[in-house]
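Commentary on secondary and tertiary structure
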Amino acid sequence: MYKIGVIGLGLIGGSMAIDLKRRKFADRIFGVEAEPVNAAAALKMGIADEITDLETCVGNSDIVIIAIPAEPALKVLQQVLDHMEAGTGKVVMDVCSTKEMLAKNVHYHPMRKRYVATHPMAGTEYSGPWAAMPGLFDGRACIISDSVESDPKAVRLVEELYLTLNMRTIYMNSSNHDVHAAYVSHISHITSFALALTVLEKEKNEKHIFDLASGGFSSTVRLAKSNPDMWTPIFSQNRDNILQVMDTYMEKIKSFRDAIADYDESRIRSLIEEANRIKKIIV
């Protein structure tokens, strides 16, 4: 079993800590948490065995998991690598939703090979240690980026960690990761935020909208509850890819708008039938 350091004891970091301990991959969890209330909660809930500072965490851990928003992760990854000593076999990994900027930021660091860039494709709209749960990652995909830049032993250890979490692993470079993430994750959140803003604007005048909201609305707008501290830097770091996806998305919205404005039921049906092809990909 391994000693695991988790920097950021929220939904992802906390959920990883729970299952890695429960499934006997980790025998001790060292937590680093900047928010005192969250730190106390994580300790009381048993997510972490000990709350410590970053340097102590790195010194005591075999694997350090960086599970904080993308912007502070840039600085923290540098700090973790700075505290690592050559020959110790320690590994650091992150779970951020953007990869290219992190990769560029540490490309020339002397301890770069001890870093494995990852993105477990799982989560909910909730945040904080109270959101952490067992089984969050079961059956989901995990992306490992730029694996050729990492030491093979470090990659194998991270693969073992994700196997313990019952995840399947996909490999791609950080640039391709950010393109794909923009399509399958980032645009979904932007769409949800925009829909929430649209309905909230209308709700100022029509008080019954939320009374009438059904499962379809709730599932579509669910992501609008997501933490702005997490998503603001993601949108900034993956700006160019997201803008391309948004342009395509707005073209499709305009196609629907034009067809509806023209009472063109044939075109509306055609657009829906074309969209229905997604059923062959997502069951």
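Refer to the structure printed above.
Calculation criteria
Residues numbered from 1 in each chain as written. Predicted model: local features only at pLDDT ≥ 70, side-chain atom pairs only at ≥ 80, totals over all residues. Heavy atoms only, no water. Helix = DSSP H or I, 4+ residues; strand = E, 2+ residues; numbered from the N terminus. Rg over C-alpha atoms; globule rule 2.2 N^0.38 Å. Buried < 20%, exposed > 50% of the residue type's maximum accessible area, 1.4 Å probe, protein only. Contact = heavy atoms within 4.5 Å. Areas by Shrake-Rupley, 256 points an atom, 1.4 Å probe, with all protein chains shown as cover. Lys, Arg positive; Asp, Glu negative; His and termini not counted. Charge placed at Lys NZ, Arg CZ, Asp CG, Glu CD. Axes fitted to C-alpha atoms, helices over the stretch in contact; angles between N-to-C directions. Parallel < 35°, antiparallel > 145°, perpendicular 65-115°, else oblique. Nonpolar A, V, L, I, M, F, W, Y, C, P; charged D, E, K, R; others polar. Salt bridge = Lys/Arg side-chain N within 4 Å of Asp/Glu carboxyl O.

Regarding its fold elements, the protein presents 12 helices and eight strands. Relative to the 2.2 N^0.38 estimate, which gives 19 Å for 283 residues, the radius of gyration of the protein is 21 Å and therefore close to what a compact globule would have. Dimensions of the protein, computed from the C-alpha atoms along their principal axes, are close to 70 × 40 × 30 Å. Going through the 283 residues of the protein one by one, you find that 43% of them count as buried. For the protein, restricting intrachain contacts to residue pairs at least 6 apart in sequence, the fraction spanning at least 24 positions comes to 74%. Of the accessible surface of the protein, which amounts to about 15300 Å², a share of 55% is contributed by carbon and sulfur atoms. In the protein, 32 positive and 36 negative side-chain charges are present, and the distance between their average locations comes to 4 Å.

This part takes up the packing of helix 4 (residues 70–83) against helix 10 (residues 228–237). Two elements in contact, helix 4 and helix 10, have axes separated by 7 Å at closest approach and are oriented at 80 degrees. With respect to helix 10, the axis of helix 4 lies roughly perpendicular. In this structure, helix 4 uses Ala70, Glu71 and Leu74 to contact helix 10, whose residues at the interface are Pro233, Ile234 and Gln237. Here the contact of helix 4 with helix 10 is built from residues that sort into four nonpolar, one polar and one charged.

On to unusual backbone geometry. Positioned with a positive phi, Asn166 is a non-glycine residue whose angle comes to about 60 degrees. Relative to the elements of secondary structure, Asn166 occurs in the loop between helix 6 (152–164) and strand 8 (168–172).

Tallying each qualifying case throughout the model produces 13 salt bridges. The shortest N-O distance in the salt bridge between Asp240 and Arg239 comes to 2.6 Å. Here Asp240 falls in the partly exposed class, since its relative accessible area comes to 49%. The shortest N-O distance in the salt bridge between Glu273 and Arg269 comes to 3.8 Å. Here Glu273 and its partner Arg269 are both found in helix 12 (residues 265–275), four residues apart, which amounts to about one turn of the helix. Relative accessible area serves as the criterion here: at 45%, Glu273 is assigned to the partly exposed category. With a relative accessible area of 56%, Arg269 lands in the exposed category. A cluster of three or more residues bridged by salt bridges with shared partners is formed by Asp19, Arg22, Arg23 and Asp138.

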